[in-house]
Amino acid sequence: MDLLALADFNLVARHGGFGRAARAAGRPKATLSRRVAELESSLDLRLFERGGRTLKLTQEGRALYERTGALLTELDETAAAIASGGDRPRGRLRISAPLLISQTAMGRLAAGFALRYPEVRLEVTTEDRAVDMVEEGYDLVIRVDPDPDENLVGRIFLRDRLVVVANTNLKRPTGQHAVPAVVRGANDQASVWEMTLPRGKSRIAVDPVLRLSSLIMVRDAVRAGVGAAHLPLSLVSHDLAAGTLAHWGDVDGPEIALWALYPSRRLLNARVSAFLDYLKEAFPMGTPDELAAYVAG
């Protein structure tokens, strides 16, 4: 594939027309039209729907634009960095992060990163769903215990664990009595919680009396004394230290791991590398207490 023709196609697609692209780039409109036609011929695909005064990407054209635009930008930025004798982070950095860390830490992280690297235009989107990094144009995603994906690589930068906590005024039940529970979402149908205590395993019956969509909301409800809940240690460690919440036990299961991921087939550009280093600097040990201290600070 002719990279120059591909770059011209992206230029036209980005500006929404041959005339606008020609004016923006200071190049002849006829040249851009010819190069795009050559690319369509070599691919045996129609990339634009051409109307009287409109130009619209076909389905194939949009797919090509979405998949190649970021790669061409990276090539341009790499060439510019080499030509300037450095590899200083610059340009747009798009990150997708889950709700909880966005609510508790990402504002401060993003602000500190932006102050350190003023030539980077950072954009953080909050969502818990599994995004398609290539299709949606993300440079980096932060996810909790993601499923293995051969198209992504990355590293763990934080670890956490779930604990069972309750307001100190709520007494832990004995025998078969169920404790009122605050749970996240409608899918948690558990009637028994299994916990690990210093003296061994323990089970308690639970009665979900409140279902909330956010762990921040769950914590606030537990603080108010509505019921017990499973919560990340980092979210309640200060409450436990202050004695406003009681630690009933650790939830059985593996630790929670927060991953920073990026596409394996892309070069690790300076922006992503700088943000990964910034995460390591913010959380050098990657422990729950470290996250709690960062949030409190």
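Residues numbered from 1 in each chain as written. Predicted model: local features only at pLDDT ≥ 70, side-chain atom pairs only at ≥ 80, totals over all residues. Heavy atoms only, no water.

Draft legend 1. A negative patch on the surface, seen in detail. Together, D132, D147, D149 and E150 make up a region of like negative charge exposed at the surface. For D147, the location among the structural elements is in the loop between β5 (140–144) and β6 (152–160). The exposed category is assigned to D147, whose relative accessible area is 68%. (Patch = residues over 30% accessible without salt bridge, like charges linked within 9 Å, V, L, I, M, F, W, Y side chains within 5 Å. Areas by Shrake-Rupley, 256 points an atom, 1.4 Å probe, with all protein chains shown as cover. Salt bridge = Lys/Arg side-chain N within 4 Å of Asp/Glu carboxyl O. Lys, Arg positive; Asp, Glu negative; His and termini not counted. Charge placed at Lys NZ, Arg CZ, Asp CG, Glu CD. Helix = DSSP H or I, 4+ residues; strand = E, 2+ residues; numbered from the N terminus. Buried < 20%, exposed > 50% of the residue type's maximum accessible area, 1.4 Å probe, protein only.)

Draft legend 2. Looking closely at the pairing of strand β9 (residues 192–197). Going residue by residue along β9, you find W193, M195 and L197 tucked away on one face and V192, E194 and T196 left uncovered on the opposite face. Where β9 and strand β10 (residues 200–212) come together, six bridges link them in antiparallel fashion. Following the sheet pairing, W193 is matched in β10 by I204. Hairpin connection of β9 to β10: two residues between the antiparallel strands. For β9 and strand β12 (residues 245–251), the ladder comprises two bridges, and the chain directions are antiparallel. By the bridge assignment for β12, M195 is matched with V251. (Pairing = 2+ DSSP bridges.)

Draft legend 3. Examining the packing of helix α7 (residues 215–223) against helix α8 (residues 233–242) more closely. Contact pair α7 / α8: the axes reach a minimum separation of 11 Å and the direction vectors enclose 20°. The pairing of α7 with α8 is recorded here as roughly parallel in orientation. Relative to α8, α7 is oriented so that their crossing is right-handed. Here L215, I216, R219 and R223 of α7 come into contact with α8, specifically with L235, V236 and D239. Looking at the contact of α7 with α8, its residues break down into four nonpolar, no polar and three charged. (Axes fitted to C-alpha atoms, helices over the stretch in contact; angles between N-to-C directions. Parallel < 35°, antiparallel > 145°, perpendicular 65-115°, else oblique. Left-handed = near helix turned anticlockwise from the far one by under 90°. Contact = heavy atoms within 4.5 Å. Nonpolar A, V, L, I, M, F, W, Y, C, P; charged D, E, K, R; others polar.)

Draft legend 4. Region of the structure containing the pattern of salt bridges. Scanning the entire structure with this criterion turns up 17 salt bridges. Its salt-bridge partner being D220, residue R223 comes within 3.5 Å of it at the nearest N-O pair. Remark: D220 and R223 occur in helix α7; sequence separation between them is three residues, near one turn of the helix. Residues R223 and D239 are paired through a salt bridge, measuring 2.9 Å at the closest nitrogen-oxygen approach. Here the residue R223 occupies a position in helix α7, and D239 occupies one in helix α8, the gap between them amounting to 16 residues. Here R223 falls in the partly exposed class, since its relative accessible area comes to 38%.

Draft legend 5. Geometry of helix α1 (residues 3–15). Its 13 residues place the ends of α1 18 Å apart at the C-alpha level, agreeing with the 18 Å of an ideal helix rising 1.5 Å per residue. Taken as a whole, α1 has its buried residues at A5, L6, D8, F9, N10, L11, V12 and A13. One or two residues past the end of α1 sits G16, with phi positive at roughly 80°. (Expected span 1.5 Å × (residues − 1).)

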